[in-house]
Amino acid sequence: QVQLVESGGGLVQTGDSLRLSCAASGRTFSRYHMGWFRQAPGKVREFVAAIMWSGGSTYYADSVKGRFTISRDNAKNTVSLQMNSLKPEDTAVYYCAASPRGPYYSDRYYYSGTYDYWGQGTQVTVSS
């Protein structure tokens, strides 16, 4: 089992940047692929970004591609999401999630059911 704790959320203005972090504890961090999801009020949880266990492959939702960057540090058991050029539509609770390493992750990284462990979320609010 792995425990995840997000941090770094806050209230910013359009065009600003934020960096979210997710600290993992428990099982060996490198056993897991990691993802970021978000959920806005009244909407379903949606995929934002993902990174494979080695950091060798990353994936992004079209809505954030070119603005957000996911990275991980396996030595520090952390995964980060650098968010630039923020827009009001990025307002949501952001969750990090962990998926045990498996052969089909590259086909399923965008699906919330692929992830076994979730953090409690951190609020990001972008004002216009």
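Higher on the page you've got the structure.
Quick caveat, the model's predicted, so the values are computed rather than measured.

Student: Please explain the overall build of the protein as it appears in this structure.
Tutor: Broken down by element type, the protein carries 1 helix and 11 strands. Relative to a compact globule of 128 residues, whose C-alpha radius of gyration would be 14 Å, the protein shows 14 Å and is just as compact. Counting only C-alpha atoms, the protein reaches 40 × 25 × 25 Å along its principal axes. Considering only contacts within the protein whose residues lie at least 6 apart along the sequence, 60% involve residues at least 24 apart. Averaging the positions of the 13 positive and the 9 negative side-chain charges in the protein gives two centres separated by 6 Å.

Student: Explanation requested: the packing of aromatic side chains in the structure shown.
Tutor: For any pair of aromatic rings, the description rests on two quantities: the centre-to-centre distance and the angle between the ring planes. Counted under the stated rule, the structure contains 10 aromatic pairs. With a centroid separation of 5.1 Å and 80° between ring planes, the pair formed by phenylalanine 37 and tyrosine 115 is classed as edge-to-face. Highlighted residues: phenylalanine 37 in strand S4 (residues 32–39) and tyrosine 115 in the loop between helix H1 (105–108) and strand S10 (117–118), separated in sequence by 78 residues. The burial state of phenylalanine 37 is the same as that of tyrosine 115; both residues are buried. Following the ring pairs from residue to residue traces out a cluster consisting of Phe37, Phe47, Tyr59, Tyr105, Tyr109, Tyr110, Tyr115 and Trp118. The ring of phenylalanine 29 is capped by arginine 72, whose NZ or CZ atom sits 4.4 Å from the centre of that ring. Directly above the ring of tryptophan 53 sits arginine 101, whose terminal nitrogen or CZ lies 3.8 Å from the centroid.

Student: Any chance you could explain the state of the cysteines here in plain terms?
Tutor: What we call a disulfide is simply a covalent bond connecting the sulfur atoms of a pair of cysteines. A complete count under the given rule lists 1 disulfide for this structure. Between the sulfur of cysteine 22 and that of cysteine 96 lies a disulfide, 1.9 Å long from S to S. One quick way to see it: the torsion about the S-S bond of cysteine 22 and cysteine 96 is about 40°, and its sign makes the bridge right-handed. Here cysteine 96 lies in strand S9 (residues 92–100) and cysteine 22 lies in strand S3 (residues 18–26), a separation of 74 residues in the sequence. The same class applies to cysteine 22 as to cysteine 96, namely buried.

Student: Can you help me understand the sheet that holds strand S8 (residues 78–83) in this one?
Tutor: Pairing between sheet strands relies on hydrogen bonds along the backbone, with the strands arranged either parallel or antiparallel. One open sheet holds the 4 strands; their spatial order is S1-S3-S8-S7, and the pairing between them is antiparallel. Strands at the two margins of the open sheet, each flanked by one partner only, are strand S1 (2–7) and strand S7 (68–73). For this sheet the average axis-to-axis angle between neighbouring strands, irrespective of direction, equals 15°. Inspection of the sheet shows S3 paired to S8 by 6 bridges, in the antiparallel sense.

Student: Even after reading the chapter, I still don't get the environment of glutamine 120, so can you show me in this structure?
Tutor: Position of glutamine 120 relative to the elements: it lies in the loop between S10 and strand S11 (122–127). Taking C-alpha positions, glutamine 120 is 9.8 Å from serine 7, a pair spaced 113 residues apart along the chain. Glutamine 120 has contacts with Leu4, Val5, Glu6 and Tyr95, leaving out every residue within four places of it along the chain.

Student: Help me out: how do you make sense of the pairing of S9 in this one?
Tutor: Every other side chain in a regular strand lies on the same face of the sheet, so the side chains alternate between the two faces. Of all the 9 residues making up S9, 7 are buried; the element is thus mostly covered by neighbouring parts of the structure. In terms of strand pairing, S4 meets S9 through 8 bridges, oriented antiparallel. Note that in S9 the partner of glycine 35 across the bridge is alanine 97. Pairing of S9 with S11, which is carried by 3 bridges, proceeds in the antiparallel orientation. Residue pairing across strands places tyrosine 94 opposite threonine 122, the latter belonging to S11. Relative to S10, S9 runs antiparallel, the two being bridged by 2 bridges. By the bridge assignment for S10, alanine 97 is matched with tryptophan 118.

What counts as what
Residues numbered from 1 in each chain as written. Predicted model: local features only at pLDDT ≥ 70, side-chain atom pairs only at ≥ 80, totals over all residues. Heavy atoms only, no water. Helix = DSSP H or I, 4+ residues; strand = E, 2+ residues; numbered from the N terminus. Rg over C-alpha atoms; globule rule 2.2 N^0.38 Å. Contact = heavy atoms within 4.5 Å. Lys, Arg positive; Asp, Glu negative; His and termini not counted. Charge placed at Lys NZ, Arg CZ, Asp CG, Glu CD. Phe/Tyr/Trp six-rings, centres within 6.5 Å; stacked < 30°, edge-to-face > 60°. Buried < 20%, exposed > 50% of the residue type's maximum accessible area, 1.4 Å probe, protein only. Lys NZ or Arg CZ within 6 Å of the ring centre and 35° of its normal. Disulfide = S-S within 2.5 Å. Pairing = 2+ DSSP bridges. Axes fitted to C-alpha atoms, helices over the stretch in contact; angles between N-to-C directions.

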